[in-house]
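Observations on chain architecture
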Amino acid sequence: MAIRTLISAQEIADKLADMGRRIASDYVGRDLLMVGVLKGAFMVMADLARQVDLPVEFDFMAVSSYGASTQTSGVVRILKDLDQEIAGRHVLIVEDIIDSGLTLNYLLKSLSVRRPASLDVATLLLKEGIQRVPLEVKYVGFSIGPEFVIGYGLDYAGLYRNLPYVGVMEGDPA
Ligand code: PRP
């Protein structure tokens, strides 16, 4: 099995620096709460947050939709909820990838009923044109094709999250 680099570590770093500057400018004077969606978003969260030059709070949710398969099941399980109340807070959900959009759709619905002052989304990757639900995503790093990607937080069967770049598996994954 070979891994082809789709987006290099440097390209990711440059993009997150841009995104971080935009977020810092958009949220100046607001009490920003960044919510990382585990596990995949841990790396984006860590690198993006360091590019946001504002006092920022963090929280995490853990959800799972894929199990060990490469296909979305459409079923979203909340494995860990937020630790804090978000009523009146400016919440920015941080994702590694939006694929079918079902995970994000579920998160947006379940967080919006908690009455945040604002609720927006930053994602490193957006698979273009395949969302099953209409979604508004304020900050998008890279729009990509339908290929199954790994690395930089994204796994295949629990592995490859630690790659410093986004890659595509080629050949037999076994
Ligand atoms: C991935 C990713 C998103 C979701 C996107 O998480 O981190 O949360 O899938 O897919 P969707 O748009 O089709 O819903 P996954 O469920 O694989 O869990 P993980 O982050 O723990 O790997």
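Further up the page is the structure itself.
First, a word on scope: everything that follows refers to the structure included in this document.

1. Points about the sheet that holds strand S2 (residues 32-38)
If you trace the six strands from one edge of the open sheet to the other, you get S4-S3-S2-S5-S6-S7, paired in mixed fashion. Here the strands that pair on one side only, and so sit at the sheet edges, are strand S4 (77-80) and strand S7 (139-144). The average angle at which neighbouring strand axes cross in this sheet is 30°, direction not considered. One ladder, built from five bridges, connects strand S6 (residues 118-127) with S7; its direction is parallel. Bridging across to S7, Ala-122 finds its partner in Tyr-139.

2. A short note on the packing of aromatic side chains
Evaluated as defined, the whole model comprises one aromatic pair. Seen in terms of ring centroids, Phe-148 and Tyr-156 are 6.1 Å apart; in terms of plane orientation they differ by 85°. Their pairing is edge-to-face. Sitting above the plane of the Phe-142 ring, Lys-15 keeps its charged end 4.9 Å from the centroid. If you follow Arg-30 out to its NZ or CZ, it ends over the ring of Tyr-27, 4.7 Å from the centre.

3. Things to note about the site of the ligand
Inspection of the region around the ligand gives 19 residues, with Glu-95, Asp-96, Ser-100, Gly-101 and Thr-103 positioned closest. At a separation of 2.6 Å, an oxygen atom of the ligand approaches a polar side-chain atom of Glu-95. Between the ligand and Thr-103, the relevant distance is 2.5 Å, taken from an oxygen atom to a side-chain nitrogen or oxygen of the residue. Surface burial for the ligand is 95%, taken as the share of its 500 Å² of free accessible area covered by protein chains. When residues of the shell around the ligand are traced back to their parent elements, those giving at least two are strand S3 (57-64), strand S5 (90-98) and helix H3 (102-112). A total of four residues in the shell around the ligand trace back to one element, the largest contributor, which is S5. Here the residues of the shell around the ligand sort into six nonpolar, seven polar and six charged.

Calculation rules
Residues numbered from 1 in each chain as written. Predicted model: local features only at pLDDT ≥ 70, side-chain atom pairs only at ≥ 80, totals over all residues. Heavy atoms only, no water. Pairing = 2+ DSSP bridges. Helix = DSSP H or I, 4+ residues; strand = E, 2+ residues; numbered from the N terminus. Axes fitted to C-alpha atoms, helices over the stretch in contact; angles between N-to-C directions. Phe/Tyr/Trp six-rings, centres within 6.5 Å; stacked < 30°, edge-to-face > 60°. Lys NZ or Arg CZ within 6 Å of the ring centre and 35° of its normal. Near = heavy atom within 4 Å. Polar contact = N/O pair within 3.5 Å; in protein donor to acceptor, adjacent residues only side chain to side chain. Areas by Shrake-Rupley, 256 points an atom, 1.4 Å probe, with all protein chains shown as cover. Nonpolar A, V, L, I, M, F, W, Y, C, P; charged D, E, K, R; others polar.

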